[in-house]
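For reference, the chains in residue letters:
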Amino acid sequence: MQIRAITPDDHAALFALWQRTPGIQLRAEDEYAPFCRYLARNPGLSLLVEDEGAAVACLLVGHDGRRGYLQHLLVDESWRGRSLARALLDEALARLADLGVHKSHVFVLRDAPEALAFWLAQAGWGEREDIAVFSTRSE
Ligand SMILES: CC(C)(COP(=O)(O)OP(=O)(O)OC[C@H]1O[C@@H](n2cnc3c(N)ncnc32)[C@H](O)[C@@H]1OP(=O)(O)O)[C@@H](O)C(=O)NCCC(=O)NCCS
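What counts, and at which threshold
Residues numbered from 1 in each chain as written. Predicted model: local features only at pLDDT ≥ 70, side-chain atom pairs only at ≥ 80, totals over all residues. Heavy atoms only, no water. Near = heavy atom within 4 Å. Polar contact = N/O pair within 3.5 Å; in protein donor to acceptor, adjacent residues only side chain to side chain. Areas by Shrake-Rupley, 256 points an atom, 1.4 Å probe, with all protein chains shown as cover. Helix = DSSP H or I, 4+ residues; strand = E, 2+ residues; numbered from the N terminus. Nonpolar A, V, L, I, M, F, W, Y, C, P; charged D, E, K, R; others polar.

### Considering the site of the ligand
In the vicinity of the ligand lie 19 residues, with L73, V75, G81, S83 and Q122 positioned nearest. Backbone polar atom of S83 to an oxygen atom of the ligand: 2.8 Å apart, as the coordinates give it. At 2.9 Å from an oxygen atom of the ligand is found a main-chain nitrogen or oxygen belonging to R86. For the ligand, whose accessible area on its own is 920 Å², the fraction buried by protein is 70%. Among the secondary structure elements, those contributing two or more residues to the shell around the ligand are β4 (67–75), α3 (84–98) and α4 (113–120). By residue number, the principal contributor to the shell around the ligand is α4, which donates five residues. Taken together, the residues of the shell around the ligand sort by class into eleven nonpolar, four polar and four charged.

Below, the structure is given as structure tokens:
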């Protein structure tokens, strides 16, 4: 089992993993072309864990030069509770720190109690109560 950077060739396997994982919401940005753009913009940061060639856990990681942004952290159900999520987070934050990015955010849906419980349990991570997030979209 090893952690390695995600490449465009991993898209089909990861898309299947996202689709079968409750709690992961798929967006237009998860399609192949935007996925490749994201990886190219954030080289070597998004990570997966594979076992005998099969992806069993993953984390998408990007940054804007100041802050890191994490998305789609997931571990396939039969692989949970083995510290794979922790290992992915540690590796991602180390890679961001190497780039001079020392602070990162993750946005968690309020109606995702398991995900909220996970993030509340992570040492070094704190829920922000001083910030409201506003979003927009343009075509
Ligand atoms: C959340 C998820 C990624 C955790 O994966 P995992 O590999 O089982 O997590 P780990 O084994 O690395 O756990 C790391 C720590 O978090 C704790 N933890 C794991 N899942 C937890 C949960 N649901 N609630 C509270 N704490 C949790 C573990 O006890 C462990 O704590 P420790 O280091 O003190 O022992 C996995 O349950 C998952 O894929 N869920 C569905 C997708 C999802 O909701 N992702 C979050 C999107 S924001």
